[in-house]
Amino acid sequence: MNYSKSIFALFLFAFFALTSCQKESMTELTTTPKAATERLSAPENTVNENVFTQLRLSEEKLKAQSRNKSITNIQPNGRTIYDSTVGATSTWDATNGACVKGLGDDFKGPDKLFMFQVKETQGVITTHQLTLGGMEDDLDLFVYTLKYGEMSACKGKSITYGLEDETLTMQNMAPGYYLVVVDGWNAFVESAFTLDLTYSVISETPPATSPTNVTIASFGLNGQKIGDFVQTETLAWTEFLTKGVTHDFVEVSRDADNVYLRDDSRGVNIRLDLNGQGIFYSDDKGASFYLYDIFSTSDRLNAYLAGASFYKNNVGTDGVFMITEFGDWIEYTNDAYDTQYLFSEVGRDTWSIYLRSDIRGVNIQLDLNRNKVIYSDDRGAKFDLYDITNSEIVTFF
């Protein structure tokens, strides 16, 4: 095995589109990495996509992209695929493959292509799992999104050492068509293999958020999102409008179905009706009316409220990023040296806290939506550094 393959993932930080189609966000999926430091730089995009293409259109465009290469349709919970890359051509490699770009190997090995469909589901949590096994040489497994029949973003990958099975588990995939690539990490790697795709329903979708715990309410009219009401402190809320306008409120009270907000500076009252999924306006001049539809709510701890994020790294060491009473942040690492780093807070939005160490030229993003600690520096590196295991509110007395 090429030595570069064991160290590639520390510096994963770029996305590359494979065709002229528009890039889409890449979502990190469950993988088994070749190296303990492997991370994917993966902005979160969990909104279900529309089905962009019909199967025939996808197949014909992909064949044109891959020099008329055969593409096998596979069915979830269907028969095991027995195939081989021996004698096949190389369709995509490190120069044009979003899943393999920058990994340290050329991935010019012969590859095989497969395609499967994810159908629309309602009210359930689903899992698709791909397993690549039965290999005589080290093949790897990649999944790409298809848009308009063309290969788009990398949706997941499994890269392990040697002949160990490659397994890729994907939950709640957006409806549409996906391309599976079985590839060798260099031009001399080819092998027979088996491929299985399984589909299962894990559970029903969890019930709606309890109104008394809501911290975010997204709203709009006529199906068009206009903004969010976000709880930013214990009794403080901010209305963030998509045009950049903000209004601050104080939480007056809550009951089983409502959150009551007040803006004294404008003499305005807001009632978030979390049962009826509506927002009501009233003011000191006597006006009172229905204002917006509530599209969704969340009881998750958002980034405005968080003061500590605990993490675990790829070798099992844990640590925490924690705010101090002076507004700075300290990273405490539970290692042999009890390492500490000091950061300044440079900004927050609904789901992220942004930290900066000028001395080291290092930036940290605590992404509470994806539960990732994202590293970047002044040399251009950017990658997912740690998994956040828990975030908490910090109160100073």
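Conventions used here
As a convention, each chain's residues are numbered from 1 in the sequence order in which they are written. Thresholds applied to this predicted model are a pLDDT of at least 70 for local features of residues and 80 or more for the giving and counting of side-chain atom pairs; totals over whole chains, interfaces and linings are not thresholded and use all residues. Only hydrogens and water are set aside; all other atoms, that is, all heavy atoms of the structure, feed into the side-chain values. Here a helix means four or more residues in a row that DSSP labels H or I, a strand means two or more in a row labelled E, and each is numbered from the N terminus. Contacts were defined at the residue level, with two residues in contact if any of their heavy atoms lie within 4.5 Å. All accessibility values rest on the Shrake-Rupley procedure with a 1.4 Å probe; residue burial counts only the protein chains present in the view. How sure the predictor is of each residue is captured by pLDDT, a score from 0 to 100. Throughout, nonpolar core names a set of buried Ala, Val, Leu, Ile, Met, Phe, Trp, Tyr and Cys residues whose side chains join them through atoms within 4.5 Å. Summary of the burial criterion: residues with accessible area below 20% of their type's maximum are buried, those above 50% are exposed, and those between are partly exposed, where the area comes from a 1.4 Å probe applied to protein chains only. Just to be clear on terms, a salt bridge is a Lys or Arg side-chain nitrogen sitting within 4 Å of an Asp or Glu carboxyl oxygen.

A. Structural view of the overall build of the protein chain. The helix and strand inventory of the protein chain stands at one helix and 25 strands. Excluding contacts between residues fewer than 6 apart, the proportion of contacts in the protein chain whose partners are at least 24 apart in sequence is 59%. Counting only carbon and sulfur atoms, one obtains 50% of the accessible surface of the protein chain, whose full area is about 19,400 Å².

B. Examining the confidence of the model for the protein chain more closely. On average, residues of the protein chain carry a pLDDT of 78, and 76% of them reach 70 or more. A low-confidence stretch, residues 1-60 stays under pLDDT 50, and its non-local contacts, those more than four residues away or across chains, total 171 contacts. Counted against residues more than four places away or in other chains, residues 206-210, with its pLDDT under 50, gives five contacts.

C. Seen up close, the nonpolar core. Counting 40 residues, the largest nonpolar core has Phe116, Leu130 and Leu195 as the members making the most contacts within it. Looking at this core, the elements with two or more residues in it are strand S3 (112-118), strand S4 (124-133), strand S5 (139-147), strand S7 (166-171), strand S8 (176-184) and strand S9 (192-204).

D. Seen up close, the pattern of salt bridges. On inspection of all chains with the given rule, the structure shows 15 salt bridges. For aspartate 93, the salt bridge is made with lysine 108, and the minimal N-O distance between the two is 3.1 Å. Linking aspartate 93 in the loop between strand S2 (81-84) and S3 with lysine 108 in the loop between S2 and S3, this pair joins segments that are 15 residues apart in sequence. With a shortest N-O distance of 2.4 Å, aspartate 387 and lysine 372 are connected by a salt bridge. Remark: lysine 372 occurs in strand S24 (residues 372-377) and aspartate 387 occurs in strand S25 (residues 382-392); sequence separation between them is 15 residues. Judged by its relative accessible area of 12%, lysine 372 falls in the buried class.

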